[in-house]
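# Descriptive structure summary
Listed here are the chains, written in short residue letters.
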Amino acid sequence: DAGVIQSPRHEVTEMGQEVTLRCKPISGHDYLFWYRQTMMRGLELLIYFNNNVPIDDSGMPEDRFSAKMPNASFSTLKIQPSEPRDSAVYFCASSETGAKLHEQYFGPGTRLTVT
Amino acid sequence: GEDVEQSLFLSVREGDSSVINCTYTDSSSTYLYWYKQEPGAGLQLLTYIFSNMDMKQDQRLTVLLNKKDKHLSLRIADTQTGDSAIYFCADGPGSTLTFGKGTMLLVSP
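My aim in this report is to walk through the structure given alongside it, one point at a time. (Residues numbered from 1 in each chain as written. Chains lettered and ligands numbered in written order. Predicted model: local features only at pLDDT ≥ 70, side-chain atom pairs only at ≥ 80, totals over all residues. Heavy atoms only, no water.)

## Here's the deal with the overall build of chain A
Counting its secondary structure elements, chain A contains 0 helices and 11 strands. Listing every helix and strand of chain A by position from the N terminus yields β-β-β-β-β-β-β-β-β-β-β. Taking 2.2 N^0.38 as the reference for a compact globule, 115 residues should give roughly 13 Å; the C-alpha atoms of chain A span a radius of gyration of 13 Å, in line with that estimate. Taking the principal axes of the C-alpha coordinates as reference, chain A spans close to 40 × 30 × 25 Å. Burial statistics for chain A: of 115 residues in total, 48% are counted as buried. When the accessible surface of chain A is split by element, carbon and sulfur atoms take 50% of a total near 5,700 Å². Averaging the positions of the 11 positive and the 14 negative side-chain charges in chain A gives two centres separated by 4 Å. (Helix = DSSP H or I, 4+ residues; strand = E, 2+ residues; numbered from the N terminus. Rg over C-alpha atoms; globule rule 2.2 N^0.38 Å. Buried < 20%, exposed > 50% of the residue type's maximum accessible area, 1.4 Å probe, protein only. Areas by Shrake-Rupley, 256 points an atom, 1.4 Å probe, with all protein chains shown as cover. Lys, Arg positive; Asp, Glu negative; His and termini not counted. Charge placed at Lys NZ, Arg CZ, Asp CG, Glu CD.)

The following block contains the structure:
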């Protein structure tokens, strides 16, 4: 398996623009997680899905952030409008149900810079 | 998990042992994890320990768990320059994980 795939790897945008980050989880994994990593706050869980259904979005900073999972192999995280304080590395991770539920596999991340 | 604390930085010489420490607050944690993040990459699961265990050894890695004190440690024997990375402790009572802020390990030749 290719592992968790994220695109783009780097994104530079201007304040006010819409940003869409993409993730393809490992085939067969039922859980998908979106994290944000900054120096100040470390790794924060934004939202997670189980079988394409959002389970907990309490980590989403505000209404400017939205996430979807239209099918088992694709998820998006959208920021509209983007702000400089959204600059961070965004990670997607997936895991499977059962005994290995807690073993999360991370993608390489998308480094977002909002100017 | 509720809160996971780690020291931010550790520097060792190649060949020495490294010990990275972590404390957590959630007593219902079922598993505790160590993840490694190399520069420009995502987190990679290194090892984990079930909460009813005291110790787990995996090649150069030894995980010690003191459940009474809610203290977890990762010992890396014969540390190599390739071990330089950020190490994250995480706990997970449910389907989600709570991560510490990570400990940057710098291994000098």
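## Re the sheet that holds strand β8 (residues 71–76) of chain B
All names here are of chain B. With antiparallel pairing, 5 strands are arranged side by side in an open sheet as β1-β3-β8-β7-β6. Because the sheet does not close on itself, it has two edges, and the strands there are β1 (4–6) and β6 (55–58). The average undirected angle you get between the axes of adjacent strands in this sheet is 15°. Bridge analysis of β6 against strand β7 (residues 61–66) gives 4 bridges, and the strand direction is antiparallel. In the sheet register, Gln57 faces β7, and the bridge partner there is Thr62. (Pairing = 2+ DSSP bridges. Axes fitted to C-alpha atoms, helices over the stretch in contact; angles between N-to-C directions.)

## Overview of the side chain of Ser82 of chain A
Residues and elements named next belong to chain A. Within the fold, Ser82 resides in the loop between β8 (74–79) and β9 (88–95). Of the residues examined, Ser82 reaches a relative accessible area of 1% and is grouped as buried. Within the structure, Ser82 has its side chain in polar contact with the backbone oxygen of Glu14 (distance 3.4 Å). (Polar contact = N/O pair within 3.5 Å; in protein donor to acceptor, adjacent residues only side chain to side chain.)

## As for the packing of aromatic side chains
Going through the model one piece at a time under the given rule, you end up with 16 aromatic pairs over all chains. Note on Phe106 of chain A and Phe99 of chain B: the rings are 6.0 Å apart at their centroids and 85° apart in plane angle, and the pair reads as edge-to-face. Highlighted residues: Phe106 of chain A in strand β10 (residues 105–106) and Phe99 of chain B in strand β10 (residues 98–99), drawn from two different chains. No difference in accessibility class separates Phe106 of chain A from Phe99 of chain B, as the two residues are buried. Against the face of Tyr48 of chain B rests Lys56 of chain B, its NZ or CZ located 4.2 Å from the ring centre. (Phe/Tyr/Trp six-rings, centres within 6.5 Å; stacked < 30°, edge-to-face > 60°. Lys NZ or Arg CZ within 6 Å of the ring centre and 35° of its normal.)

## What to know about a nonpolar patch on the surface
All names here are of chain B. On the surface, a cluster of nonpolar side chains totalling about 410 Å² of accessible area is made up of Leu8, Phe9, Met104 and Leu106. With respect to the element layout, Leu8 can be found in the loop between β1 and β2 (9–13). Residue class for Leu8 comes out exposed when judged on its relative accessible area of 60%. (Patch = residues over 30% accessible without salt bridge, like charges linked within 9 Å, V, L, I, M, F, W, Y side chains within 5 Å. Salt bridge = Lys/Arg side-chain N within 4 Å of Asp/Glu carboxyl O.)

## Quick notes on unusual backbone geometry
For the peptide bond that leads from Ser7 of chain A to Pro8 of chain A, omega is -10°, which places it in the cis range. One non-glycine residue with positive phi stands out, namely Lys70 of chain B, at about 55°. Tracing the backbone through its elements, the reader meets Lys70 of chain B in the loop between β7 and β8. In this structure Lys70 of chain B comes out as partly exposed when scored by relative accessible area, which is 24%. Although it is not a glycine, Asp78 of chain B sits at a positive phi angle of roughly 50°. Looking at where Asp78 of chain B falls in the secondary structure, it is placed in the loop between β8 and β9 (85–92).

## Thoughts on the interface of chain B and chain A
The interface is formed by 19 residues belonging to chain B together with 20 residues belonging to chain A. Buried surface at the junction of chain B and chain A, both sides included, amounts to about 1,500 Å², of which 57% is carbon and sulfur. At the junction of chain B and chain A, the tally comes to 0 salt bridges. Where chain B meets chain A, there are 4 residue pairs in polar contact (both at pLDDT 80 or more). Broken down by secondary-structure element, the contributors of at least two residues to the side of chain B that touches chain A are β4 (31–37), β5 (43–50) and β9 of chain B. (Contact = heavy atoms within 4.5 Å. Buried area = accessible area lost by both parts, 1.4 Å probe.)

## Regarding the side chain of Asn50 of chain A
All names here are of chain A. Inspection of the secondary structure assignment puts Asn50 in strand β5 (residues 42–50). Of note is the side chain of Asn50, whose polar atom sits 3.4 Å from the backbone oxygen of Asp30. For Asn50, the contacting residues outside a window of four places in its chain are Asp30, Tyr31 and Ile55.

Any functional reading would require information that these geometric values do not contain.
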